[in-house]
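Here is how the chains run, residue by residue.
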Amino acid sequence: MARPNSMLFFILFFMLFLHPSFSSTSTSKPRALFLPLARLEPEYSTSVVPRHLRSKLPIARVPLYNDLGARGYYTTHVTIGTPPRKYALLVDTGSAVTFVPCSTCKKCGKLHEGPKFDPEQSTTYEPMKCDTDCTCDSNMMQCGYDRQYADMSNSSGVLGTDIIAFSDQSELPPQRVIFGCENVETGSLLRLRADGIMGLGHGELSIVDQLVDRGVISDSFSLCYGGIDVGGGAMVLGGVPPPKDMIFIHSSAVYRSAVYYVQLKEIHVAGKPLSLNPSVFDGKDGTMLDSGTTFAYLPEAAFIEFKQAMMNELHSLKKIRGPNHPGHSDICFSGPGSDISDLSTYFPTLDIVFEREVKLSLSPENYLFRHPGVHGGYCLGIYQNPKDSSTVLGGIVVRNTFVTYDRENEKIGFWKTDCADIWERLNATGAPPPGPSTLERPKSSASLPPAANPTAASPYVTLGIPRVGRITFYMFFNVTYSIIKPHMKELAWNIAEELDLHASQVRVINYISEGSDSLIRLAISPAGSDEYISNTTARSIISRLAEHRIHLPEIFGSYQFSKWKADPPSKRTWRKQHYTTAALMIIVTLLLGLLISATSLMWKRKWRTVVPYKPFRSAVLEQELRRL
């Protein structure tokens with residue numbers, strides 16, 4: 001029998017192996033990609049700039065080129081590397097990775113305008129070396145990326161960092177950012193005149209996220225696409241004062257998605273709403289605002305109603321054969337003539353209505369494009385989604401519209417204007433400094449009335465997951481941290497009490513003290529042995545925080561709620577799921593082992609007393625030798 005201390009060592013090692021935090025580096029799957037820009041930062045670092053300081057940050061004013069008619073997309077020009085080389089990048093709010101063709105790419109298109117990027121020719125290029133925090137390339141030397149787009153085209157390559165500079169109009173100096181050096185591309189990417197894509201969506205690799213995380217711009221950007229026959233436009237990286245008559249809708253990030261989602265409720269043709277259930281726009285991925293998609297796409301039921309309503313309004317025009325875009329069923333008309341100023345005489349106004357009855361009116365240039373083969377002919381730029389029930393609002397919908405993606409306040413603003421002279425128009429509006437939306441305007445906790453229905457979730461809070469494993473959020477207080485610090489537990493208890501949660505569910509993660517203000521990050525977890533928070537409960541929690549429907553003691557002053565995130569429950573491995581059972585089994589085994597050892601020792605002493613060992617050849621009668 002093994003000695004007791006050896007058995008104990010084995011059991012303790014076995015327990016360690018079963019513990020959820022124990023894993024083998026050689027067998028673990030690659031974790032989610034986290035790539036620091038310069039050095040590893042703590043979970044919450046001083047690079048996060050408090051709200052009242054963000055208006056002082058610089059912006060990058062960047063011209064846009066091309067148009068939807070000739071190219072189907074808009075591009076911006078940047079320079080990369082040292083010495084700098086110029087590249088044309090398609091601006092895309094539907095993806096997060098920025099990439100250009102690499103000098104080693106043998107499967108890249110021949111139509112790209114700029115040169116291939118040669119890492120060896122740039123003195124400032126640094127490869128992202130392969131480690132356990134990223135997906136590595138086939139040589140296990142560099143971090144790689146692999147992205148597939150909605151049209152099934154694909155781009156893959158390696159990741160590196162280098163200096164990217166924007167236009168001469170930019171207040172923002174050149175910045176070191178992570179981008180993709182492309183080695184393979186397929187599908188429509190092979191036919192692009194643009195060199196690559198600038199990813200403006202949500203994600204760690206997004207150029208917007210990188211600049212915001214570094215603290216060099218505020219968490220906002222804007223796009224303005226020119227109209228028919230004009231093209232061009234502008235992009236702004238960073239926040240600008242919104243025009244007074246800009247309308248806003250809510251938009252929140254969905255877990256693991258780069259896309260900007262909105263809540264579309266109705267479509268009106270010539271002032272008359274289509275006979276549709278609003279839920280038709282919630283199919284599959286819901287409704288997406290995607291600058292990288294040329295046209296707009298509706299689910300089948302919505303498109304059938306839209307097409308019929310348009311045909312009823314356009315019966316006086318002659319229907320003609322379309323240009324037959326691949327995968328599209330074109331609906332085209334002749335008769336209006338070539339003067340686009342006359343289009344509103346022939347074509348009706350469309351209204352797309354978002355949540356809370358926010359209405360965006362679309363003129364004909366926001367849903368028509370010129371027929372490439374018929375003089376004075378026009379086609380509808382709204383199609384049936386051929387693949388699924390999602391709704392996509394592409395670039396055509398926002399022609400001559402200044403669109404602000406205010407990510408910090410989780411809202412998108414629309415301002416109808418002429419994008420050809422957007423800078424002069426913005427300066428002429430006399431717009432006030434940017435601030436939080438009316439949905440999130442800070443209020444004094446002491447003056448807030450009690451919630452009328454504390455369990456109801458606000459309609460603008462949407463979650464892309466049915467079950468929530470943890471909610472994290474920030475609260476910005478207008479009092480110093482030295483005042484809050486002694487009452488940190490009290491803060492968590494008060495928030496839990498106001499939200500009808502157990503005190504153990506709310507905890508403070510970290511904080512930043514900035515002058516007379518404090519920024520605190522908190523987390524809400526499931527209660528007790530529960531594995532998740534239901535979608536309804538999570539929405540209710542977020543709504544009550546966002547709408548300032550919780551009452552805190554006066555010592556905490558007033559607060560602002562921002563940057564919430566709902567994560568799904570973690571996928572528990574067998575070891576995590578059965579850890580408690582396995583631990584109990586090990587304890588029982590340990591106790592049994594100790595009991596057996598004690599019993600064995602007792603028997604040993606007994607036989608030494610009653611039947612002592614005798615030499616085999618002794619003079620006494622031979623006895624059976626008993627094994628001790």
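In this text the structure is predicted, and so the values were computed from the model without any measurement.

### Notes on the sheet that holds strand β19 (residues 332–334)
Inference 1: Spatially, β18-β19-β23-β22 is the arrangement adopted by the 4 strands of the open sheet, whose pairing is antiparallel. In this open sheet, the two edge strands, each paired with only one partner strand, are β18 (318–320) and β22 (368–370). The sheet shows a mean angle of 40° between the axes of neighbouring strands, direction not considered.

### Concerning the confidence of the model for the protein chain
Inference 1: Model confidence for the protein chain is summarised by a mean pLDDT of 79, while 77% of its residues fall at 70 or above.
Inference 2: Below pLDDT 50 for its whole length, residues 606–628 participates in 10 contacts with residues either more than four positions away or in separate chains.

### A short note on unusual backbone geometry
Inference 1: A cis geometry characterises the amide bond from Thr 82 onward to Pro 83, with omega recorded as 0°.
Inference 2: The phi dihedral of Asn 66 is positive, around 70°, even though this residue is not glycine.
Inference 3: The phi torsion at Asn 400 lies on the positive side, around 45°, for a residue other than glycine.
Inference 4: In this structure, Asn 400 sits in the loop between β25 (391–393) and β26 (401–406).
Inference 5: Under the relative-accessibility criterion, Asn 400 is labelled buried at 13%.

### Brief notes about the UniProt feature "active site" (unreviewed entry) in the protein chain
Inference 1: Per the UniProt annotation, the sites labelled "active site" (unreviewed entry) are Asp 92 and Asp 290. Spanning 199 residues, the named residues form one tight spatial group whose C-alpha atoms are at most 7.0 Å apart.
Inference 2: Looking at the element boundaries, Asp 92 is found in strand β3 (residues 85–92).
Inference 3: Contacts of Asp 92, omitting those with residues within four sequence positions, involve Tyr 149, Ile 197, Met 198, Gly 199, Leu 200, Gly 201, Asp 290, Ser 291 and Gly 292.
Inference 4: Structurally, Asp 290 can be placed in the loop between β16 (287–289) and β17 (296–298).
Inference 5: With residues near it in sequence (within four places) discarded, Asp 290 still touches Asp 92, Thr 93, Gly 94, Val 392, Leu 393, Gly 394 and Gly 395.
Inference 6: Among the polar contacts made by the side chain of Asp 290, one reaches the main-chain amide nitrogen of Gly 292 at a distance of 3.0 Å.

### Considering helix α7 (residues 488–498)
In an α-helix, one turn spans 3.6 residues; hence positions three or four apart end up facing the same way.
Inference 1: Every buried residue of α7 is accounted for by Met 488, Leu 491, Ala 492, Asn 494, Ile 495 and Ala 496.
Inference 2: Positioned one or two residues after α7, Asp 500 has a phi angle of 60°, which is positive.

### Notes on the state of the cysteines
Inference 1: Scanning all chains against the criterion turns up 6 disulfides.
Inference 2: Disulfide pairing is shown between Cys 224 and Cys 419; the S-S distance is 1.9 Å. Between Cys 224 and Cys 419, the S-S torsion sits near -80°, and that sign places the bridge as left-handed. In this pair, Cys 224 is assigned in strand β10 (residues 220–225) and Cys 419 in the loop between β27 (411–416) and α5 (422–428), connecting sequence segments 195 residues apart.
Inference 3: With a relative accessible area of 0%, Cys 224 lands in the buried category.
Inference 4: Looking at Cys 419, the relative accessible area reads 2%, which means it is buried.
Inference 5: At a sulfur-sulfur separation of 2.1 Å, the disulfide partner of Cys 332 is Cys 379. Between Cys 332 and Cys 379 the disulfide shows an S-S torsion of about 100°. By sign, it is right-handed. Placement of Cys 332 in strand β19 and of Cys 379 in strand β23 (residues 377–380) is noted, with a sequence separation of 47 residues between them.
Inference 6: You can call Cys 379 buried: its relative accessible area is 0%.

### Description of the environment of Ile 217
Inference 1: Residue placement: Ile 217 occurs in the loop between α2 (207–214) and β10.
Inference 2: With 21 residues separating them along the chain, Ile 217 and Gly 238 place their C-alpha atoms 5.0 Å apart.
Inference 3: If we skip the residues at most four places from it in the chain, Ile 217 touches Leu 57, Pro 58, Leu 172, Leu 211, Val 212, Leu 237 and Gly 238.

### Focus on the packing of aromatic side chains
Inference 1: If you walk through the whole model with that rule in mind, you get 19 aromatic pairs.
Inference 2: Taken together through their ring pairs, the aromatic side chains of Phe 295, Tyr 297, Phe 369 and Tyr 383 make up a single cluster.
Inference 3: In this structure, Arg 61 packs its charged tip against the face of Trp 423, placed 4.5 Å from the ring centre.
Inference 4: Sitting over the face of the ring of Phe 248, Lys 411 holds its NZ or CZ atom 4.2 Å from the ring centroid.

Thresholds, definitions, all that
Residues numbered from 1 in each chain as written. Predicted model: local features only at pLDDT ≥ 70, side-chain atom pairs only at ≥ 80, totals over all residues. Heavy atoms only, no water. Pairing = 2+ DSSP bridges. Helix = DSSP H or I, 4+ residues; strand = E, 2+ residues; numbered from the N terminus. Axes fitted to C-alpha atoms, helices over the stretch in contact; angles between N-to-C directions. pLDDT = per-residue confidence, 0-100. Contact = heavy atoms within 4.5 Å. Buried < 20%, exposed > 50% of the residue type's maximum accessible area, 1.4 Å probe, protein only. UniProt positions renumbered as here; feature names shortened; annotations may be inferred. Polar contact = N/O pair within 3.5 Å; in protein donor to acceptor, adjacent residues only side chain to side chain. Disulfide = S-S within 2.5 Å. Phe/Tyr/Trp six-rings, centres within 6.5 Å; stacked < 30°, edge-to-face > 60°. Lys NZ or Arg CZ within 6 Å of the ring centre and 35° of its normal.

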